[in-house]
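Each chain, letter by letter, is given below.
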Amino acid sequence: SLAVSKPTPKEPSYDKVPAHIVRPPYAKSGSPPSWETQIPILSGQEIEQMREASLIARDALQLGGSMVQPGITTAAIDAEIHRFIIEKNAYPSCLNYMGFPKSVCTSINNVIAHGIPDNRELRDGDMINIDITVYKNGFHGDTSATFRAGAVDAAGEQLIQATEKSLELAIQMCGPGVPFSRIGESISSFAGPRGYSISTDLTGHGIGRNFHQNPLIYHHFNEEPGEMAEGMAFTIEPILCQGVAAGIQWPDGWTISTEDGGRSAQFEHTVVITSDGAQILTK
């Protein structure tokens, strides 16, 4: 059988990320800090600091999306996004996170998440999710979207549109006092009747000074305890699949693809809870 092992953490060289750019605590060792039980409540000033990282992530995602076309490699997309992020004096959060070898994740067709950019050229009809997280001012901002290379078939187009809509509906549900479980309820109620399955292996997550922290955000029906409160920040990032949402991890230790080869799509925003709802920081 094939052994699954994560890449060995390797500190990014200073020619890759210039010395003046502040690196997250895990950048050298590859090991993130352990999760705190508490869900941090951000002050107004902290939210503004986080917004800067989030907007760089948003702009980097738009840049990556504009490059998607048949014939381009995911390695080329990764390199251009990396260049853009460091030009903004920010750090690409994925780089060396638990040994991840690239600056962004690129997940094509039946890859659910965490695809590693490489020299495979995109083909006409491919669907690709680009997932970007940026670290600046001591905070992370995280966003992703699924893009079309050339002409995607009708079933793929419907999957992409349904996934984006499910994220939109979930964000509309958010606000102080709302149970976290309502997010999964909202997405499941929309996606299920349309014949899509939802990945239960991967969740949204709290984000702020740490790349990943509490709360965990489930996108399927669940009974997880906890309620949203003003100042909490987290990602919502549903993954809808055409067939079975169960995933297989590849020997690279990162890439997860669907068991049955069905395609998946994902959209993600970083949100912060406000007094009367939720604000999208990555928009």
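Residues numbered from 1 in each chain as written. Predicted model: local features only at pLDDT ≥ 70, side-chain atom pairs only at ≥ 80, totals over all residues. Heavy atoms only, no water.

### Observations concerning the UniProt feature "domain: Peptidase M24" (unreviewed entry) in the protein
The UniProt record marks residues 48-274 with the feature "domain: Peptidase M24" (unreviewed entry), using the residue numbering of this structure. Summarising residues 48-274: 29% helix, 27% strand, and an end-to-end C-alpha distance of 13 Å. (UniProt positions renumbered as here; feature names shortened; annotations may be inferred. Helix = DSSP H or I, 4+ residues; strand = E, 2+ residues; numbered from the N terminus.)

### A short note on the pattern of salt bridges
Considering all chains together, one arrives at 12 salt bridges under this definition. With a closest N to O distance of 2.5 Å, arginine 83 and glutamate 87 form a salt bridge. Pair noted here: arginine 83 and glutamate 87 are both in helix H2 (residues 74-87), with a separation of 4 residues, about one helical turn. Among the salt bridges present, the one from arginine 120 reaches aspartate 126, with a minimum N-O distance of 3.0 Å. Given the relative accessible area of 5%, aspartate 126 is considered buried. Each of Glu80, Arg83 and Glu87 takes part in one network of salt bridges that share partners. (Salt bridge = Lys/Arg side-chain N within 4 Å of Asp/Glu carboxyl O. Buried < 20%, exposed > 50% of the residue type's maximum accessible area, 1.4 Å probe, protein only.)

### So, the packing of aromatic side chains
With the rule as written, the count across this model stands at 4 aromatic pairs. Seen from their ring centres, tyrosine 26 and tyrosine 97 are 5.0 Å apart, and the 90° between their planes marks the pair as edge-to-face. Pair noted here: tyrosine 26 is in the segment before helix H1 (44-67) and tyrosine 97 is in the loop between strand S1 (91-92) and strand S2 (105-108), with a separation of 71 residues, a long-range link. We classify tyrosine 97 as buried; its relative accessible area is 10%. Taking the centre distance of 5.1 Å and the plane angle of 90° together, the rings of phenylalanine 100 and tryptophan 254 count as edge-to-face. Highlighted residues: phenylalanine 100 in the loop between S1 and S2 and tryptophan 254 in the loop between strand S11 (247-249) and strand S12 (256-258), separated in sequence by 154 residues. A single burial state applies to phenylalanine 100 and to tryptophan 254, both of which are buried. Pairwise contacts between aromatic rings join Tyr26, Tyr97 and Phe211 into one cluster. Here the basic side chain of lysine 6 rests over the ring of tryptophan 254, its NZ or CZ set 4.1 Å away from the ring centre. (Phe/Tyr/Trp six-rings, centres within 6.5 Å; stacked < 30°, edge-to-face > 60°. Lys NZ or Arg CZ within 6 Å of the ring centre and 35° of its normal.)

### Some words on the pairing of strand S9 (residues 233-236)
If a strand is regular, its side chains alternate between the two faces of the sheet. Side chains Ala233 and Thr235 of S9 all project onto a buried face; the interleaved residues Phe234 and Ile236 project onto the opposite face, where all are buried too. The pairing of S9 with strand S14 (residues 269-274) spans 4 bridges and is classified as antiparallel. The partner of threonine 235 across the bridge, within S14, is threonine 270. (Pairing = 2+ DSSP bridges.)

### Re the sheet that holds S12
Pairing is antiparallel in the open sheet, where 3 strands are placed in the order S3-S12-S11. In this open sheet, the two strands that pair with only one neighbour each are strand S3 (111-113) and S11. Ignoring which end each strand starts from, the neighbouring axes of this sheet average 40° apart. By the bridge criterion, 3 bridges tie S11 to S12 in an arrangement that is antiparallel. Within S12, the position partnered with isoleucine 248 by the bridge is serine 257. (Axes fitted to C-alpha atoms, helices over the stretch in contact; angles between N-to-C directions.)

### Observations regarding the pairing of strand S8 (residues 213-217)
The buried count for S8 comes to 4 of 5 residues, which makes it a mostly enclosed element. Examined bridge by bridge, strand S7 (residues 204-206) and S8 share 3 bridges and lie antiparallel to one another. Note that in S8 the partner of histidine 205 across the bridge is leucine 216. Between the antiparallel neighbours S7 and S8 lie 6 residues.

### What about the environment of serine 166?
Counting through the fold element by element, serine 166 comes out in helix H3 (residues 154-173). On the accessibility criterion, serine 166 (1% relative accessible area) is buried. Along the chain, serine 166 and serine 189 lie 23 residues apart, while their C-alpha atoms are 9.2 Å from each other. Beyond its immediate stretch of four places on either side in the chain, serine 166 contacts Ile187, Phe190, Pro238 and Leu240. (Contact = heavy atoms within 4.5 Å.)

### With respect to unusual backbone geometry
Comment: phi is negative for the bulk of residues other than glycine, and the bulk of peptide bonds are trans. Of note, the amide linkage connecting asparagine 214 to proline 215 takes the cis form, showing an omega dihedral of 5°. Position of proline 215 relative to the elements: it lies in strand S8. With a phi angle near 60°, asparagine 89 is a residue other than glycine that sits in the positive phi range. A relative accessible area of 40% means that asparagine 89 is categorised as partly exposed.

### So, the nonpolar core
Formed by 51 residues in total, the largest nonpolar core has its most connected members in Ile130, Ile132, Ile183, Phe234 and Ile236. Of all the secondary structure elements, the ones that give two or more residues to this core are H1, H2, strand S4 (127-136), strand S5 (139-148), H3, helix H4 (181-191), S9 and S14. (Core = buried A, V, L, I, M, F, W, Y, C linked by side-chain atoms within 4.5 Å.)

### Here we look at the environment of valine 17
Here valine 17 is to be found in the segment before H1. Relative accessible area serves as the criterion here: at 0%, valine 17 is assigned to the buried category. Setting aside residues no more than four positions away along its own chain, valine 17 makes contact with Pro12, Arg23, His82, Tyr91 and Leu95.

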